[in-house]
Amino acid sequence: EAGVAQSPRYKIIEKRQSVAFWCNPISGHATLYWYQQILGQGPKLLIQFQNNGVVDDSQLPKDRFSAERLKGVDSTLKIQPAKLEDSAVYLCASSLELAGAFDGELFFGEGSRLTVL
Amino acid sequence: SQKIEQNSEALNIQEGKTATLTCNYTNYSPAYLQWYRQDPGRGPVFLLLIRENEKEKRKERLKVTFDTTLKQSLFHITASQPADSATYLCALDTTGGFKTIFGAGTRLFVKA
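Given the structure is predicted, the values throughout are model-derived calculations rather than measurements.

Criteria and cut-off values
Residues numbered from 1 in each chain as written. Chains lettered and ligands numbered in written order. Predicted model: local features only at pLDDT ≥ 70, side-chain atom pairs only at ≥ 80, totals over all residues. Heavy atoms only, no water. Contact = heavy atoms within 4.5 Å. Buried area = accessible area lost by both parts, 1.4 Å probe. Salt bridge = Lys/Arg side-chain N within 4 Å of Asp/Glu carboxyl O. Polar contact = N/O pair within 3.5 Å; in protein donor to acceptor, adjacent residues only side chain to side chain. Helix = DSSP H or I, 4+ residues; strand = E, 2+ residues; numbered from the N terminus. Pairing = 2+ DSSP bridges. Axes fitted to C-alpha atoms, helices over the stretch in contact; angles between N-to-C directions. Buried < 20%, exposed > 50% of the residue type's maximum accessible area, 1.4 Å probe, protein only. Core = buried A, V, L, I, M, F, W, Y, C linked by side-chain atoms within 4.5 Å. 1 Å grid on protein atoms, 1.4 Å probe; cavity = no way out; pocket = protein on both sides within 12 Å on 5 of 7 lines; lining within 4 Å. Points joined across faces, edges and corners; volume = space filled by probe spheres on them. Nonpolar A, V, L, I, M, F, W, Y, C, P; charged D, E, K, R; others polar.

Undergrad: Can you walk me through the interface of chain A and chain B in this structure?
TA: Interface size, as often reported, equals the accessible area lost upon joining of the parts. Taken residue by residue, the interface counts 23 residues in chain A and 20 residues in chain B. Together, the buried faces of chain A and chain B total about 1700 Å²; carbon and sulfur atoms form 49% of this surface. At the surface where chain A touches chain B, the tally comes to one salt bridge. Taking the shortest distance from any N to any O, the salt bridge between Arg42(B) and Glu110(A) comes out at 2.6 Å. For the interface between chain A and chain B, the tally reads five residue pairs in polar contact (both at pLDDT 80 or more).

Undergrad: Can you help me understand the environment of Leu70(A) in this one?
TA: Within the secondary structure, Leu70(A) sits in the loop between strand E7 (65-68) and strand E8 (75-79). Through-space distance from the C-alpha of Leu70(A) to that of Gly53(A) is 9.3 Å; in sequence the pair is 17 residues apart.

Undergrad: Sorry if this is basic, but what is going on with the environment of Leu89(B) here?
TA: Counting through the fold element by element, Leu89(B) comes out in strand E9 (residues 86-93). Setting aside its immediate chain neighbours within four residues, Leu89(B) contacts Gly42(A), Pro43(A), Gln6(B), Gln34(B), Trp35(B), Tyr36(B), Gln38(B), Pro44(B), Phe102(B), Gly103(B), Ala104(B) and Gly105(B).

Undergrad: Please clarify how the sheet that holds strand E1 (residues 5-7) of chain A should be interpreted in this entry.
TA: Hydrogen bonds between backbone atoms are what pair the strands of a sheet, whose relative direction is either parallel or antiparallel. All names here are of chain A. Strands sit in the order E1-E3-E8-E7 across an open sheet of four strands; the sheet is antiparallel. Strand pairing shows two members of the sheet lacking a second neighbour, E1 and E7, which therefore form its edges. Strand-to-strand twist in this sheet, taken as the mean axis angle between neighbours without regard to direction, amounts to 15 degrees. Pairing of E1 with strand E3 (residues 19-24) involves three bridges; the strand directions are antiparallel. Each residue of the ladder has a partner; that of Gln6, found in E3, is Cys23.

Undergrad: What exactly am I supposed to notice about unusual backbone geometry here?
TA: Note: most residues except glycine have negative phi, and most peptide bonds are trans. Cis geometry is adopted by the peptide bond preceding Pro8(A), which originates at Ser7(A) and carries an omega value of -10 degrees. Here Pro8(A) is to be found in the loop between E1 and strand E2 (10-13). The peptide bond linking Gln80(A) to Pro81(A) adopts the cis configuration, its omega dihedral lying at -5 degrees. Positive phi, close to 55 degrees, is recorded for Lys71(A), a residue that is not glycine. Mapped onto the elements, Lys71(A) comes out in the loop between E7 and E8. By relative accessible area, Lys71(A) is classed as exposed at 81%. Within the chain, Lys71(B) stands out as a residue other than glycine whose phi angle is a positive 60 degrees. Structurally, Lys71(B) is set in the loop between strand E7 (62-67) and strand E8 (72-77).

Undergrad: Just checking my understanding: could you explain the nonpolar core for this structure?
TA: Side chains that are nonpolar tend, in soluble globular proteins, to be buried together. Judged by nonpolar contacts, the single largest core of 24 residues is most densely connected at Leu33(B), Trp35(B), Phe75(B), Ile77(B), Tyr88(B) and Leu108(B). If you list the elements that add at least two residues to this core, you get strand E3 (19-26), strand E4 (32-38), strand E5 (45-51), E7, E8, E9 and strand E11 (106-111) of chain B. Among all residues touching Ile77(B), those that are not within four sequence positions of it are Lys17(B), Thr18(B), Ala19(B), Arg61(B), Leu62(B), Asp84(B), Tyr88(B) and Leu108(B). Grouped together as the second largest cluster of nonpolar side chains are 21 residues, Ile13(A), Trp34(A), Ile79(A) and Ala88(A) included.

Undergrad: Sorry, what's going on with the layout of surface pockets here?
TA: Left-over empty space is what a probe sized like a water molecule reveals as it rolls over the atoms. In this model, the largest pocket occupies a volume close to 620 Å³. For the largest pocket, the lining is made up of 30 residues, of which Gln37(A), Ile38(A), Leu39(A), Gly40(A) and Gln38(B) are closest to its centre. When contributions to the lining of the largest pocket are tallied by element, the ones reaching two or more residues are strand E9 (88-95) and strand E11 (112-116) of chain A together with E9 and E11 of chain B. A per-element tally of the lining of the largest pocket places E11(A) first, with four residues. Taken as a whole, the second largest pocket encloses approximately 350 Å³ of empty space. In terms of lining, the second largest pocket is formed by 15 residues, of which the most central are Gly42(A), Pro43(A), Lys44(A), Phe102(B) and Gly103(B). When contributions to the lining of the second largest pocket are tallied by element, the ones reaching two or more residues are strand E5 (44-50) of chain A together with strand E1 (3-6) and strand E10 (100-102) of chain B. Residue composition of the lining of the second largest pocket, grouped by class: seven nonpolar, six polar and two charged.

Right under this line is the structure:
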């Protein structure tokens, strides 16, 4: 079974530039998550989708971050404009169960490492 | 708001010994708690899930306990090996069970 795919693996940009990350979850997984992991910290949830609807985006900095999940499958996370403090690893995860009836594990991708100069 | 606390100091142990990692939480009573392993440059990998009505769960050399009175989970690795060296993350669900939040993790080093 293929795992969660993410791209790009690494990205270096100047502050105020824009960047986009792509995620393809495990086939059949209804719930998709984007986490931000700053060096030395645990993953912080940015946004959670159930199929193509948003379940939680309370910690997403909406003035600069946006995310979408078209057709309930792939997802894109965009940052525009980027700030120095956005330097982090952006992890995508998926789970089989629907939100509100969670009963299992999260499957993570390898992450996209962003460096903002 | 919910808080998860894991020992920020790295844990160094000798091969063959039992490693014990602690996860404390406040301001909430989660329905379940999970443990993940994360290697440098990789995404977290699920290890175990324990529910609020379970006191203990085992999987091979791994054991997790869940004390809802103390608001604490202990994660044990018996007969530890250098390959067990990694960061271990504690995670729990939030109100309504709609999302999973993570602690900062504890780095484990197992010396041969």
